[in-house]
Amino acid sequence: LSDRLSGIFDKLTGRGALSEADVDAAMREIRRALLEADVALPVVRQFIEEVRREAVGATVVKSVTPGQMVVKIVHDELVKMLGETAEPISLAAAAPVPIMMVGLQGSGKTTTSAKIARRLQNREKKRVLMASLDTQRPAAQEQLRVLGEENGIETLKIVPGQNPRQIAERAMTAARLGGFDVVILDTAGRLSIDEALMTEIADIKKTTNPHEILLVADSLTGQDAVATAKAFDERMNVTGIVLTRVDGDGRGGAALSMRATTGKPIKLIGVGEKADALEEFHPRRIADRILGMGDIVSLVEKAAEHVDAEKAAAMAQKMAKGGFDLNDLKDQLAQMEKMGGLGGLMGMMPGIGKMKKEMAAAGLDDGIIKKQVAIINSMTKTERKKPDILKASRKKRIAAGSGTEVAEVNKLLKMHRQMADMMKMMGRKKGGMMAGLGSM
Ligand code: GDP
Ligand code: MG
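The protein chain is annotated in an unreviewed UniProt entry as Signal recognition particle protein from Acuticoccus sediminis. Recorded in UniProt under Sequence similarities (unreviewed entry), the annotation for the protein chain is "Belongs to the GTP-binding SRP family. SRP54 subfamily."

Written as structure tokens, this is what we have:
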């Protein structure tokens, strides 16, 4: 996606507000990319609408380039739709806390049951009992038993001939008697949603009153996963989603679809077949994966936060005319501090080596930026505009006001004079400091 987006954005050269045409062009690409990432069509529509609303007009004051700004908006909106933060499994209920796993056949319920049990046992020191309520597939109960054995998790003894509800009741009793903290109920799936399945799991829900009902869904089934999620949620009111097979080049589109369609949090993701291949869901990472552009996004974020390109352009003009006053210096100092100090800002400006040296010679380093700002803050408006009027008595007052010495005030003034001169020179040159900043 990022390659194609930059292609589009190469054509967007204007600055200022994003025009509708800019946004439309970008949205066409984003739409295509989301569909390719297997995001469900209604979700894509909803998403595009939200982004468009955010993007058109208002947003580009701090533009780096309009294109990068759109990318940032898209990314932020993705994160928002994905739920912002990771939500853990809740155990805030009386022990034994029942956790019920639901989903289609082969979605990964049994594997995920063991993964979650292992995690709760290892990380939270909970005693977990697992029970397979799957009477559909002949070897299903045995599959869970083996997983339990391999991972040191207790499983409910298998009693042939019982129906799912009877097993569920037995599991709850055994967990109570055995002093377990958590019971994981691994239910049967079907190849597709049918009434028999829904009745079965609704019945189990009634019997056990689960604290969490986790829908396990295969991220690779794409569009189907969404219809499935919707059906399960409508009937069961699930408390969260576990997306499986997010390993490898898993596309992440399913996450967006599921979340948007059900409004339920994605709590965990399965990233492999092994029992430890379970991770918390991080919306930011998935958004990055969908967009495939971690670097761009962080770059844009940094720049959008800290550099106001329009301000920079205005300043470049001012400097060219030799009008760099102490207010401007203060802005510069404040920006430098935000950008990670002298090194940070300087590193982004072309041809700045000489100036950096001069500034260092004038005694400006990261440690004293704050002090410099304080000195300027202690000056009156007029003093900032016309530093020439600063004679001994004013300097004394300023030093006292900023908790510094007159010598330091002098140093600042000298540095300002040098910078003003230098900037006047650079401002006249094409590709000078501020032009460099603006095109960052
Ligand atoms: P169930 O029918 O819903 O209980 O599904 P299973 O737990 O039996 O899983 C079906 C298959 O998917 C098994 O071969 C699992 O090893 C595999 N599987 C489950 N979760 C993941 C995952 O996150 N990644 C990968 N690669 N395979 C998984
Ligand atoms: Mg199973």
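There is more to say, and it comes next.
A. View of the pairing of strand β5 (residues 212-218). Most of β5 sits inside the fold, with seven of its seven residues counted as buried. Alternating residues of β5 divide into E212, L214, V216 and D218 and I213, L215 and A217, and every residue in both groups is buried. In this sheet, β5 lies alongside strand β1 (residues 97-102) in parallel orientation, the contact comprising four bridges. Among the inter-strand pairings, M101 is bridged to a residue of β5, identified as L214. With five bridges connecting them, β5 and strand β6 (residues 240-244) associate as parallel partners. In the strand pairing of β6, L214 is matched with G240.

B. Seen up close, the site of ligand 1. Around ligand 1, the surrounding shell holds 18 residues, and the nearest of these are G108, K109, T110, T111 and G270. By residue class, the composition of the shell around ligand 1 is three nonpolar, 11 polar and four charged.

C. A look at unusual backbone geometry. In this structure, P96 follows A95 across a cis peptide bond, with omega equal to -5°. Relative to the helices and strands, P96 is located in the loop between α4 (66-82) and β1. If you check the backbone angles, R245 has positive phi at about 55° while not being a glycine. Mapped onto the secondary structure, R245 falls in the loop between β6 and α10 (253-262).

D. Layout of the UniProt feature "domain: SRP54-type proteins GTP-binding" (unreviewed entry) in the protein chain. Here, UniProt's "domain: SRP54-type proteins GTP-binding" (unreviewed entry) annotation points to residues 265-278. End-to-end, the C-alpha atoms of residues 265-278 are 16 Å apart, and along that stretch the chain is 0% helix and 43% strand.

E. Representation of helix α19 (residues 392-402). Where α19 is concerned, the buried positions are K395, I398 and S402. Looking straight down α19, one finds its buried side chains confined to an arc of 65°; they lie on one side. Pointing more than 90 degrees away from the buried face of α19 are the exposed residues A392, S393 and A400. Positive phi appears at G403, one or two residues downstream of α19, with a value of about 65°.

F. Representation of helix α3 (residues 41-55). For α3, which comprises 15 residues, the first-to-last C-alpha distance of 21 Å matches the rise-based estimate of 21 Å (1.5 Å per residue) to within 8%. By the burial criterion, the buried members of α3 are V43, V44, F47, V51 and A55. Looking down the long axis of α3, one finds its buried residues gathered within 100° of arc, a one-sided arrangement. Facing away from the buried side of α3 by more than 90 degrees, the exposed set consists of P42, R45 and E49.

Thresholds, definitions, all that
Residues numbered from 1 in each chain as written. Chains lettered and ligands numbered in written order. Predicted model: local features only at pLDDT ≥ 70, side-chain atom pairs only at ≥ 80, totals over all residues. UniProt positions renumbered as here; feature names shortened; annotations may be inferred. Buried ≥ 20, exposed ≤ 12 C-beta atoms within 10 Å, placed from the backbone. Helix = DSSP H or I, 4+ residues; strand = E, 2+ residues; numbered from the N terminus. Pairing = 2+ DSSP bridges. Near = placed C-beta within 6 Å. Nonpolar A, V, L, I, M, F, W, Y, C, P; charged D, E, K, R; others polar. Arc of directions from axis to C-beta. Expected span 1.5 Å × (residues − 1).

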